[in-house]
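Residues per chain are reported as follows:
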Amino acid sequence: MSSRVITPGPYRATKLWNEVTRLFRAGMPIRKHRQNFRHYASCFTASAAVDWMHQLLRNNSNFGPDVTRQQTVQLLKKFLKNHVIEDVKGRWGTEDLEDNSVLYRFPSTSPLKPIPCPAPASATGSVKKRPSFRDKEGFFRFRGIKKQQHEEGTQENVDPALQAENQPIGEQQVQRRELTVEDEQEIWKDITLTHLQRILGVASLDEVLDRRYINPQNIIHNMTKVNKHGVVTLDDKTNDLPHWVLSAMKSLANWPKYDSTQPSYPGFERDVFKTVSDYFYSLPQPVLTYELYELFINVLGLLQSHCERVAIEALQLCTLLLPPTSRRKLQLLMRMMSRISQNVDMPRLHPAIGTRTLMVHTFSGCVLGSAVECDLDELLATRLVSFLMDHQQSILAVPEYLHSAINDHIQYLRTVQVPMDGFANVNGDDPVCIPLPIYAFCRQISGAEFEQQKAESSQKAMEELLEMLLTDQNIREKDRCKKLKQFQKQYPDIYSRRFPSAVCNKKADAKPKIKPPLLNIKKTKAFSIRN
């Protein structure tokens, strides 16, 4: 059975539950069975269900090949508890299903869980959203409103109650609007979330993330306060992992090279491993926190579409939202798990399970979990932890492109003086050089206006590209000429506005020229063959 793509969005865990339920009911083979001298039609054994479901989960990109048979049994127990299946006598609601020959069947009622509908709009009209910080602080958004509009008082998208009266320039205030610490923190938060929304491809992050739990100071700390190995450093060392846990993790990560003062006896590495796992399971909440559970579940949707590179970039940004203490725990844990899994000298830590599988299944529950009981928690956590461990070096590194974008944006705003009259003062010039909107708010526009704005934005972008080709000193002259010819061919209108004389010369050159030798050719006399 083919699996549908469950794209990122709200209630993705519920949608995944319904998808697995649909595939199980549609594909599980059923036939007549005999039990206790009686025949039962259209049923299956528990072991057959475990075999079939285990194969389905291992081949599904949402869960992956790390799913164990025991995890499959746990899922079928939840199926029995939620009446996805029942025994042949119609009993359900317990979790006593085992990997044996007991018979089960599908009930006649639908087992799918309802997807909550979005809240309806207000009866009096559409609900207005409270303006965000960037809406209230107009200097963060340079709309390019014409100076004439400001002077004539004809600005669009401006609250009339907040419009400043037209005054002579000499009488206007020129008090400078400085960037505050709170302003800069909001910039860090907004740019990070904007990048994350673009990667996930959702209409709004409000569907998968409660912004109340996003602290911009965490983002700044996680990106700026790291050691030479890229691991977050903490200002308050009392919030760090205990010394004995760090020592145990270091011993396992560097096995067999460890502190000689530590004891050594057969099975010592297993005791150390259990010490580390017990500590992480004693934490009050998972390392990825309850508040970000839905967000990380949606990132797993990118893996189903085989977008591994995009998923890595999304996880880079998601882990930046963690508190620094949680991000540090995640970094140290993933590094230890990765090293142990790749260490051929490490003795077997479990007699029946491979080292890599043991790492994933031991720590998946303490890395990702929901505050309320969820049906697919274990399977989804296993998939995410497996991917985190395999790509921990890339995922838990500081994204330099984001760091540069934020710093460039803040540096640019610091060079812009914003007087109280709404005009920008750039580099100490007169305060009328760049008119800025005064507390602009959004309004709905028509399709024609949208197309017009889109065309104007595209034109402006092409003009900036042309200027970059002309002024970039890193481009060789030969390459510059080649690119300019290509630009002229693709965008003749923009090129003609920038170089009107070149177009005139081209038109003059396009006129047909008569070669001089053709003017001197005399008409030849025709002779008749009758002469």
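Rules used in this analysis
- Residues numbered from 1 in each chain as written.
- Predicted model: local features only at pLDDT ≥ 70, side-chain atom pairs only at ≥ 80, totals over all residues.
- Heavy atoms only, no water.
- Pairing = 2+ DSSP bridges.
- Helix = DSSP H or I, 4+ residues; strand = E, 2+ residues; numbered from the N terminus.
- Contact = heavy atoms within 4.5 Å.
- Axes fitted to C-alpha atoms, helices over the stretch in contact; angles between N-to-C directions.
- Expected span 1.5 Å × (residues − 1).
- Buried < 20%, exposed > 50% of the residue type's maximum accessible area, 1.4 Å probe, protein only.
- Polar contact = N/O pair within 3.5 Å; in protein donor to acceptor, adjacent residues only side chain to side chain.
- Phe/Tyr/Trp six-rings, centres within 6.5 Å; stacked < 30°, edge-to-face > 60°.
- Lys NZ or Arg CZ within 6 Å of the ring centre and 35° of its normal.

1. Overview of the sheet that holds strand β2 (residues 38–45)
Logical step 1: In spatial order, the strands read β1-β2-β4-β3; together these four strands make up an open sheet with antiparallel pairing. A single partner strand is all that each edge strand has here, and the edge strands are β1 (31–35) and β3 (86–87).
Logical step 2: Two elements, β3 and strand β4 (residues 103–105), share two bridges in a ladder whose sense is antiparallel. Pairing of E86 across the sheet is with R105, part of β4.
Logical step 3: Along the sheet, helix α2 (residues 46–58) makes contact with β2 and β4, crossing β2 at roughly 20°.

2. Some remarks on helix α13 (residues 355–367)
Logical step 1: For α13, which comprises 13 residues, the first-to-last C-alpha distance of 18 Å matches the rise-based estimate of 18 Å (1.5 Å per residue) to within 8%.
Logical step 2: Turning to α13, its buried residues are L358, M359, V360, T362, F363, S364, C366 and V367.
Logical step 3: Where the residues of α13 are buried, they touch α9 (268–281), α12 (324–342) and α14 (377–390).

3. Things to note about the environment of L380
Logical step 1: Examined against the element boundaries, L380 turns out to sit in helix α14.
Logical step 2: Using a relative accessible area of 1% as the deciding quantity, one classes L380 as buried.
Logical step 3: Considering only alpha carbons, one finds L380 and F296, 84 residues apart in sequence, at a separation of 9.6 Å.
Logical step 4: Apart from residues lying up to four places away in sequence, L380 is in contact with L16, N62, F63, Y293, I297, L300 and L368.

4. Observations concerning the side chain of T362
Logical step 1: Here T362 lies in helix α13.
Logical step 2: In this structure the side chain of T362 is engaged in a polar contact, spanning 2.6 Å, whose partner is the backbone oxygen of L358.
Logical step 3: Residues within four places of T362 in sequence aside, it is in contact with F273, S277 and Y281.

5. Looking at the packing of aromatic side chains
Logical step 1: Inspection of the entire model under this criterion finds 13 aromatic pairs.
Logical step 2: Aromatic side chains F280 and F363 sit 6.1 Å apart centroid to centroid with 85° between the ring planes, which places their arrangement in the edge-to-face category. A residue pair is termed long-range when its members are at least 10 positions apart, and F280 in helix α9 and F363 in helix α13 qualify at 83 residues.
Logical step 3: We classify F280 as buried; its relative accessible area is 1%.
Logical step 4: The exposure class of F363 is buried, given its relative accessible area of 0%.
Logical step 5: On the numbers, 5.1 Å between centres and 45° between planes, the contact of F487 with Y491 is tilted.
Logical step 6: Members of the aromatic cluster, each reached through a chain of ring pairs, are W17, F24, F44, W52, F79 and F106.
Logical step 7: A cation over a ring is seen here: K113 above W17, with NZ or CZ 4.6 Å from the ring centre.
Logical step 8: Positioned over the ring face of F499 is R498, at 5.0 Å from the centre of the ring.

6. Examining unusual backbone geometry
Across residues other than glycine, the phi torsion is negative in most instances, and most of the peptide bonds are trans.
Logical step 1: Residues W255 and P256 are joined by a peptide bond in cis, for which omega reads 5°.
Logical step 2: One can find P256 in the loop between α8 (243–253) and α9.
Logical step 3: Backbone geometry at H83 places phi at a positive 65°, although glycine is not the residue there.
Logical step 4: If you trace the backbone, H83 turns up in the loop between α3 (69–81) and β3.
Logical step 5: Taking relative accessible area as the criterion, H83 reaches 16% and is therefore assigned buried.
Logical step 6: Positive phi, normally seen in glycine, also occurs at T289, with a value near 65°.
Logical step 7: When you line up the elements, T289 lands in the loop between α9 and α10 (293–304).
Logical step 8: The exposure class assigned to T289 is buried, which follows from its relative accessible area of 5%.

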